[in-house]
Amino acid sequence: IKEAHSQGGGHAMPHGHWSVGSLKGFLGISGPYDLVALDAHLSSVGLGSFLPLLCGDCSMAQYSPTQLLKTPQWRALAETAVVRLPRVHLVHGEVDQTVPVSSSADFAA
């Protein structure tokens, strides 16, 4: 993080160019890794269904890592891709009321 920040002058990487190989690791903190499931959760706790409005014409599943890992395209490339990914650490509070801990647990599975 420090290296990317200093090289980019406050941006992740200069000119928006980066590669998976340049990543040393990924730390996910209470991430909404499945927008489809999060939308259902938010609706169930009375916060309504506003995520589709943020996505516009896109599919929420398209921007949900948990959903992407279930696609035939990913499954066909999984063995090759996994060895190229950095170490992943997920941290999620058990009492998070906005993004349920199942978001991280399902992504990790």
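Residues numbered from 1 in each chain as written. Predicted model: local features only at pLDDT ≥ 70, side-chain atom pairs only at ≥ 80, totals over all residues. Heavy atoms only, no water.

### Describing the overall build of the protein chain
Line of reasoning, step 1. Broken down by element type, the protein chain carries six helices and two strands.
Line of reasoning, step 2. The helix and strand sequence of the protein chain, counted from the amino end, reads α-β-α-α-α-α-β-α.
Line of reasoning, step 3. Residue pairs in contact within the protein chain that sit at least 24 positions apart in sequence constitute 59% of those at least 6 positions apart.
Line of reasoning, step 4. Carbon and sulfur atoms make up 61% of the accessible area of the protein chain, which totals about 8,100 Å². (Helix = DSSP H or I, 4+ residues; strand = E, 2+ residues; numbered from the N terminus. Contact = heavy atoms within 4.5 Å. Areas by Shrake-Rupley, 256 points an atom, 1.4 Å probe, with all protein chains shown as cover.)

### Examining a nonpolar patch on the surface
Line of reasoning, step 1. On the surface, W18, V20, L23, V82 and L85 cluster together into a nonpolar patch covering about 460 Å² of accessible area.
Line of reasoning, step 2. Among the residues examined, V20 registers a relative accessible area of 32% and is labelled partly exposed. (Patch = residues over 30% accessible without salt bridge, like charges linked within 9 Å, V, L, I, M, F, W, Y side chains within 5 Å. Salt bridge = Lys/Arg side-chain N within 4 Å of Asp/Glu carboxyl O. Buried < 20%, exposed > 50% of the residue type's maximum accessible area, 1.4 Å probe, protein only.)

### As for helix α2 (residues 35-44)
Line of reasoning, step 1. Buried within α2 are the following residues: L35, L38, D39, H41 and L42. Down the axis of α2, the buried side of the element spans an arc of 165 degrees, and every buried residue falls inside it.
Line of reasoning, step 2. The inward-facing, buried residues of α2 contact α3 (51-55).
Line of reasoning, step 3. At the N-terminal end of α2, a side-chain oxygen is found 3.1 Å from the backbone nitrogen of V36, two or three residues along, and the residue is D34. (Arc of directions from axis to C-beta. Polar contact = N/O pair within 3.5 Å; in protein donor to acceptor, adjacent residues only side chain to side chain.)

### Here's the deal with the packing of aromatic side chains
How two aromatic rings sit relative to each other is set out by the distance from centre to centre and by the angle between their planes.
Line of reasoning, step 1. Overall, the coordinates contain one aromatic pair when judged by the stated rule.
Line of reasoning, step 2. Arranged with centres 4.5 Å apart and planes meeting at 20 degrees, the rings of Y33 and F107 form a pair that is stacked. Of the two residues, Y33 sits in the loop between β1 (25-29) and α2 while F107 sits in helix α6 (residues 102-108), which places them 74 residues apart along the sequence. The same class applies to Y33 as to F107, namely buried. (Phe/Tyr/Trp six-rings, centres within 6.5 Å; stacked < 30°, edge-to-face > 60°.)

### A word on the confidence of the model for the protein chain
Line of reasoning, step 1. Looking at the protein chain, pLDDT values average 82 and 85% of them are 70 or higher.
Line of reasoning, step 2. When pLDDT is averaged over each element of the protein chain, α6 comes out on top at 94 and helix α1 (residues 2-7) at the bottom at 43.
Line of reasoning, step 3. Contacts from residues 1-11, a stretch scored under 50 in pLDDT, to residues over four places away or in other chains number nine contacts. (pLDDT = per-residue confidence, 0-100.)

### As for the nonpolar core
As a rule of thumb, soluble globular proteins bury nonpolar side chains together.
Line of reasoning, step 1. Counting seven residues, the largest nonpolar core is built from L35, L38, L42, L51, C55, M60 and V99.
Line of reasoning, step 2. Only α2 and α3 provide two or more residues apiece to this core.
Line of reasoning, step 3. Of the residues forming this core, the biggest block, three residues, is contributed by α2.
Line of reasoning, step 4. Dropping the residues within four chain positions of it, L51 is found in contact with L35, L38, D39, L42 and M60. (Core = buried A, V, L, I, M, F, W, Y, C linked by side-chain atoms within 4.5 Å.)

### Structural notes on the side chain of H41
Line of reasoning, step 1. Residue placement: H41 occurs in helix α2.
Line of reasoning, step 2. Looking at H41, the relative accessible area reads 19%, which means it is buried.
Line of reasoning, step 3. Beyond its immediate stretch of four places on either side in the chain, H41 contacts Q97, T98 and P100.

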